[in-house]
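Analysis of the macromolecular model
Listed here are the chains, written in short residue letters.
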Amino acid sequence: MAEERCKKCGRLLSRDEIGLHKKLFNRAAESFFCIDCCGEYFGVSRELLEKKIRQFREMGCTLFEQNHGSISD
């Protein structure tokens, strides 16, 4: 996978951030928000989105890295 960057701020994205965008917006998306820009869009905290990523991962969603800690910048 090529290096993906946030379509709003340009920050390099993790696989979890790409997965979160696909899960919340559109699974077929080709451009993505970082976790901070996603939180700003929805009006929620980064912590809430990190919690959602953990929940999705625990449910076995393959959009997220398995056996992974938290999102890193």
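That block above? That's the structure.
Residues numbered from 1 in each chain as written. Predicted model: local features only at pLDDT ≥ 70, side-chain atom pairs only at ≥ 80, totals over all residues. Heavy atoms only, no water.

**Examining the overall build of the protein**
From N to C terminus, the protein includes 3 helices and 0 strands. Ordered by position from N to C terminus, the α and β elements of the protein give α-α-α. Taking all 73 residues of the protein together, the buried fraction comes to 37%. Contacts in the protein between residues far apart in sequence, at least 24 positions, make up 48% of those at least 6 positions apart. (Helix = DSSP H or I, 4+ residues; strand = E, 2+ residues; numbered from the N terminus. Buried < 20%, exposed > 50% of the residue type's maximum accessible area, 1.4 Å probe, protein only. Contact = heavy atoms within 4.5 Å.)

**Description of helix 3 (residues 46-58)**
Here helix 3 contains 13 residues, and its C-alpha end-to-end distance of 18 Å stays within 8% of the 18 Å for a straight helix at 1.5 Å per residue. Within the span of helix 3, buried status applies to Arg46, Leu49, Glu50, Ile53, Phe56 and Arg57. Down the axis, helix 3 shows its buried residues gathered within 120° of arc, on one side only. Every exposed residue of helix 3 that faces more than 90 degrees away from the buried side is listed here: Glu47 and Glu58. For helix 3, the elements touching its buried residues are helix 1 (15-24) and helix 2 (35-42). The positive-phi residue at the C-terminal boundary of helix 3 is Gly60, with phi of around 90°. (Expected span 1.5 Å × (residues − 1). Arc of directions from axis to C-beta.)

**Concerning the nonpolar core**
Counting 17 residues, the largest nonpolar core has Cys6, Leu13, Leu20 and Phe64 as the members making the most contacts within it. Mapped onto this core, the elements with two or more residues apiece are helix 1, helix 2 and helix 3. Discounting residues that sit within four places of it in the chain, Leu20 has contacts with Ile35, Cys38, Leu49, Ile53, Phe56 and Phe64. (Core = buried A, V, L, I, M, F, W, Y, C linked by side-chain atoms within 4.5 Å.)

**Notes on the environment of Glu17**
For Glu17, the location among the structural elements is in helix 1. The buried category is assigned to Glu17, whose relative accessible area is 1%. Sequence separation of Glu17 and Cys34 is 17 residues, and the distance between their C-alpha atoms is 5.7 Å. A distance of 3.0 Å separates the side chain of Glu17 from the backbone nitrogen of Ile35, its partner in a polar contact. (Polar contact = N/O pair within 3.5 Å; in protein donor to acceptor, adjacent residues only side chain to side chain.)

**Structural notes on the packing of helix 2 against helix 3**
Packing of helix 2 against helix 3 leaves a shortest axis separation of 9 Å and a crossing angle of 110°. Considered as vectors, helix 2 and helix 3 are oriented roughly perpendicular to each other. Two secondary-structure elements touch here, helix 2 through Ile35, Asp36, Cys38 and Gly39 and helix 3 through Arg46, Leu49, Glu50 and Ile53. Across the contact of helix 2 with helix 3, the residue classes break down as 4 nonpolar, 1 polar and 3 charged. (Axes fitted to C-alpha atoms, helices over the stretch in contact; angles between N-to-C directions. Parallel < 35°, antiparallel > 145°, perpendicular 65-115°, else oblique. Nonpolar A, V, L, I, M, F, W, Y, C, P; charged D, E, K, R; others polar.)

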